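# Structure assessment
What follows is the residue order along each chain.
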Amino acid sequence: MDRRAFLASGAAVALGATTAGCLGGTGADYDVAMTSDAYVPRSTATVPDDAPNWVPRDVPTVEVVAGDTLVWENTGARNHTVTAATYDHERVEALLGVSGDAAHSHDPRLPAGAGFFSSGSFDGEVAATRSFIDERNGGGVIPPGERYEHAFETAGWYHYYCIPHLPAGMMGNVHVLDA
Ligand SMILES: [Cu+2]
């Protein structure tokens, strides 16, 4: 399956233009690249003032429509994860040694009715983080060159992060609009 998000449907013309522009000519067909320590969306949205207070304003934000699938690709050389931040985030920050100004001042939330999502199969972010700490290549790591995709069915705000690089500030937001 290669059903991609708005960047695929809404930016088909732009994709062609990019290819023609010879920016390496890769014709990349993912929505968010994972570089050495950052998520780099192919199109970035602004977080409006009326977004929930737990949505960081200064991290890469992607806007999609309910029902869209986002595709992340690890274009870097290190393992990454895509892990949803939830009300358990404070526990994850404690496990990973994130504190002070780097820690979230408000616990992230998933939209009502939306399920937890992460690379790998976990019930929640604490289980994913424990797996990363306890197991070799645990936590749902996405090796270089591999992909992760998730269909966002419920409108609202999502915040996510990379477990190994959360202390380095590797985080992102997804804003899902009503279809
Ligand atoms: Cu990472």
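Residues numbered from 1 in each chain as written. Predicted model: local features only at pLDDT ≥ 70, side-chain atom pairs only at ≥ 80, totals over all residues. Heavy atoms only, no water.

As annotated in an unreviewed UniProt entry, the protein chain carries the name Blue (type 1) copper domain-containing protein and comes from Halarchaeum salinum.

With that out of the way, let us pick up the overall build of the protein chain. For the protein chain, the count of helices and strands is four helices and eight strands. The order of α-helices and β-strands along the protein chain, N terminus first, is α-α-β-β-β-β-β-α-α-β-β-β. Burial statistics for the protein chain: of 179 residues in total, 45% are counted as buried. Sequence separation of at least 24 residues holds for 74% of the intrachain contacts in the protein chain that already meet a minimum separation of 6. (Helix = DSSP H or I, 4+ residues; strand = E, 2+ residues; numbered from the N terminus. Buried < 20%, exposed > 50% of the residue type's maximum accessible area, 1.4 Å probe, protein only. Contact = heavy atoms within 4.5 Å.)

What follows deals with the coordination of the copper ion. Those donors, H80 (ND1), C162 (SG), H165 (ND1) and M170 (SD), are the protein atoms that reach the copper ion, and they lie 1.9 to 2.7 Å from it. Bound by four donor atoms, the copper ion shows angles of 92 to 128° at the metal and therefore tetrahedral coordination geometry. The buried category is assigned to H80, whose relative accessible area is 0%. Taking relative accessible area as the criterion, C162 reaches 0% and is therefore assigned buried. (Donors = N, O, S within 2.8 Å, 3.2 Å for Na, K, Ca; no water. Tetrahedral: all angles 85-135°; square planar, octahedral: opposite > 155°, others 65-115°.)

With the rule as written, the count across this model stands at seven aromatic pairs. Each ring, one from W72 and one from Y160, has its centre 5.3 Å from the other, and the planes form 80°; the classification is edge-to-face. Within this pair, whereas W72 is found in strand β4 (residues 69-74), its partner Y160 is found in strand β7 (residues 156-161), the two being separated by 88 residues in sequence. Ring centres 5.2 Å apart and planes at 80° place the aromatic pair F117 and F152 in the edge-to-face group. On the criterion of sequence distance, the pair formed by F117 in the loop between α3 (89-96) and α4 (125-134) and F152 in the loop between β6 (147-151) and β7 is long-range, its members being 35 residues apart. (Phe/Tyr/Trp six-rings, centres within 6.5 Å; stacked < 30°, edge-to-face > 60°.)

This part is about α4. By the burial criterion, the buried members of α4 are E125, V126, A128, T129 and S131. On its buried face, α4 sits against β5 (83-84), α3 and β7.

Here four strands make up an open sheet; going across it, the order is β3-β8-β7-β5 and the pairing mixed. Two strands lie at the open edges of the sheet, namely β3 (61-65) and β5, each paired on one side alone. Where β7 and strand β8 (residues 171-177) come together, six bridges link them in antiparallel fashion. If you follow W157 over to β8, its bridge partner there is H175. (Pairing = 2+ DSSP bridges.)

Here the focus is the confidence of the model for the protein chain. Taken as a whole, the protein chain shows an average pLDDT of 87; of its residues, 85% reach a score of 70 or greater. Counting interchain partners and residues more than four positions distant, the pLDDT-below-50 stretch residues 6-25 has 16 contacts. (pLDDT = per-residue confidence, 0-100.)

If you look at the biggest cluster of nonpolar residues, it comprises 20 residues, and the most contacted ones within it are Y39, W72, V82, F117, F152, Y160 and V174. Contributions of two or more residues to this core are made by β1 (32-34), β3, β4, β7 and β8. Excluding its chain neighbours within four sequence positions, the residues that come into contact with W72 are V32, M34, Y39, V82, E146, R147, Y148, E149, H150, F152, Y160 and V174. Grouped together as the second largest cluster of nonpolar side chains are eleven residues, L96, V126, L166 and M171 included. (Core = buried A, V, L, I, M, F, W, Y, C linked by side-chain atoms within 4.5 Å.)

This paragraph deals with the pairing of β4. Within β4, six of the six residues are buried, which leaves it mostly tucked inside the rest of the structure. Neither face of β4 is open: one carries T69, V71 and E73, the other L70, W72 and N74, and all of them are buried. Here three bridges tie β1 to β4, and the two strands are oriented parallel to one another. If you follow M34 over to β4, its bridge partner there is N74. With five bridges connecting them, β4 and β6 associate as antiparallel partners.

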